[in-house]
Amino acid sequence: MDHPRADRFLLVSIDSWRYDALGRTNPELNTPKFDHLTRDYGLAERFFVTAPATRPSHASLFTGLYPFEHGLFGQTYLKMFGGIPNLFQLLSEAGYAVTARSERPEVFRFLDFEPFIRPFDPSADHQHLGSLEQLIAALREPETGPRFCFLHFWYTHGGYGMGGIPGAPDLKELVGDGRAEEALRFYYAATTHVLEFVLVEILKQLSLDRWAIFIFGDHGEGFCPEVMSHGDCLHENVVRVPLLAHVPGLGGVNFPAGPSSMIDLYPTIARLAGLPLDYEGYGRDLLAPSPTARSKRWVLTELDSLYGVGFLHPGNLQTAHQRVTSRIAIDDAELARSKGGTRMWSISDGREFYRQQERSGDFVLRNVVTGQPLPCPDPDLYRNAYRDILHGSRYRDQQVQESSSAEERVLEERLRDLGYIE
Ligand SMILES: [Zn+2]
């Protein structure tokens, strides 16, 4: 069978959307219209993000590369490595009309694809109160020609739409008190709002005969004692998210067995669009026929909080672009290190979740679906899989191009921690 083709794409990123915040996986979620509209979409049951934070995760989405390859090691890194193609640029050069909107466009500041992403409603002070009608009109125009659209919902991010509600409960406290179910009701309500009351209005405007549609989380959300939100720890609630996909002519996508990753969307979309692609990353075309003896695959998630986990503050948002002199420096001065800053990584084959602290070597092994701890007599199995990914990358030379001495120091530290150099 020929590879399917499409020339209209809608990518919907729902911030902090975890695997159980979907009617198909959790019947308690009351989203009958959304469930009906997406009933023929394929659901990837083992889909993993590359990072537990918005910026590095989206950088992977649009480049098909892991954080160690695209350079945005963590949320507070300022820029990506230079010269990496991204989907916005490639598709717009190929003649696609691009419409990209976010409820929090500032979060993409300094990234290569930032210029493409605008607010949902430029005239609204609070994006979730903006005009949905204008957004839908923007998605529908122009009526002819190839289209690439991206929407990023922020309403589901920490706060969950509770800002300004007097006496709203502190959800972290609730979780700490063992009342996670109660706290989750607020999170599920925010998700329901996005899926059932906003996204439904958008999806029902688009003909499934013409549009390829991908709906996914950029990372999950913890709501457990080990991690409340997302950016500071790798956890099965954070690294595994839903991915729903519809492709014209195919209907629901039959996802390959085994794990898939955020980096897979880049080659999948490029192939669907028929773009000539110079890509040597680990991402796999999700629509390619599965080889009968597919080799075992591990997918990687990386966390780096050396400079903290928060990005949205005036020190970044009000800093002129030209003052960012490297990935980790403003005016040639290295960013302040965060006291509790750390690096950790996890890998999964879709069944197991192995996580390791880079410096201490402390690790856990769990069932990625149930979270149950598993015996781990041989952690080297997982460490070797991780090293194979690092060593096998065709993008390792990106790291060598680094210019500033501060960056070289950080890279050197990283390589030392990994045991590459003494
Ligand atoms: Zn996010």
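In the block above lies the structure referred to throughout.
What counts and what doesn't
Residues numbered from 1 in each chain as written. Predicted model: local features only at pLDDT ≥ 70, side-chain atom pairs only at ≥ 80, totals over all residues. Heavy atoms only, no water. Donors = N, O, S within 2.8 Å, 3.2 Å for Na, K, Ca; no water. Helix = DSSP H or I, 4+ residues; strand = E, 2+ residues; numbered from the N terminus. Buried < 20%, exposed > 50% of the residue type's maximum accessible area, 1.4 Å probe, protein only. Core = buried A, V, L, I, M, F, W, Y, C linked by side-chain atoms within 4.5 Å. Domains from an automatic or database assignment. Contact = heavy atoms within 4.5 Å. Salt bridge = Lys/Arg side-chain N within 4 Å of Asp/Glu carboxyl O. 1 Å grid on protein atoms, 1.4 Å probe; cavity = no way out; pocket = protein on both sides within 12 Å on 5 of 7 lines; lining within 4 Å. Points joined across faces, edges and corners; volume = space filled by probe spheres on them. Nonpolar A, V, L, I, M, F, W, Y, C, P; charged D, E, K, R; others polar.

A. Representation of the coordination of the zinc ion within the structure. Distances from the zinc ion to its protein donors, namely Asp15 (OD), Asp15 (OD), Thr54 (OG1), Asp218 (OD) and His219 (NE2), fall within the range 2.0 to 2.6 Å. Sequence spacing of the donor residues for the zinc ion, all on one chain, is D-x38-T-x163-D-H. With Thr54 in helix H2 (residues 54–63) and Asp218 in the loop between strand S6 (212–217) and helix H8 (236–239), the pair connects residues that are 164 residues apart, well separated along the chain. Taken as a pair, Thr54 and Asp218 share a single burial class, namely buried.

B. Quick look at the nonpolar core. Of all hydrophobic cores here, the largest spans 62 residues; its most connected members are Phe9, Leu11, Phe214 and Leu265. Ranked by the residues each element gives to this core, the list is headed by helix H9 (residues 265–272), at five residues. When residues are assigned to domains, this core turns out to be shared by domain 1 (8–272) and domain 2 (299–417), each giving three or more. Not counting the four nearest positions on each side in its chain, Phe214 is found in contact with Phe9, Leu10, Leu11, Val12, Leu243, Leu244, Ala245, Val247, Leu265, Thr268, Ile269 and Leu272. Counting 44 residues, the second largest nonpolar core, distinct from the first, contains Val194, Val198, Trp211 and Met228.

C. Main features of the pattern of salt bridges. Enumeration over the complete set of coordinates arrives at 17 salt bridges. Between Lys204 and Glu201 there is a salt bridge, with the nearest N and O atoms lying 2.9 Å from each other. Here Glu358 ties to Arg343 by a salt bridge, and the two come within 2.8 Å at their closest N and O atoms. Of this pair, Glu358 sits in the loop between strand S15 (352–357) and strand S16 (363–367) while Arg343 sits in strand S14 (residues 343–348), and the two are 15 residues apart along the sequence. Residue Glu358 is classed as buried on the basis of its relative accessible area of 6%. Of the residues examined, Arg343 reaches a relative accessible area of 4% and is grouped as buried. The network of salt bridges with common partners includes Glu226, Glu236, Arg355 and Arg366.

D. Structural context of empty space enclosed by the protein. The final tally for this structure, using the stated rule, is two cavities of 30 Å³ or more. Here the largest cavity defines a volume of roughly 60 Å³. In this structure, the largest cavity is lined by 13 residues; those nearest its centre are Ala53, Gly74, Gln75, Gly231 and Asp304. Of the residues forming the lining of the largest cavity, the biggest block, three residues, is contributed by strand S10 (residues 299–304). Split by residue class, the lining of the largest cavity holds seven nonpolar, four polar and two charged. The residues that make up the lining of the largest cavity include at least three from each of domain 1 (8–272) and domain 2 (299–417). Around the second largest cavity, the lining residues are Phe73, Glu302, Leu303, Asp304, Arg343, Met344, Trp345, Glu358, Tyr386 and Arg414. Listed by contribution, the elements that provide at least two residues to the lining of the second largest cavity are S10 and S14. Partitioned by chemical class, the residues of the lining of the second largest cavity number five nonpolar, no polar and five charged.

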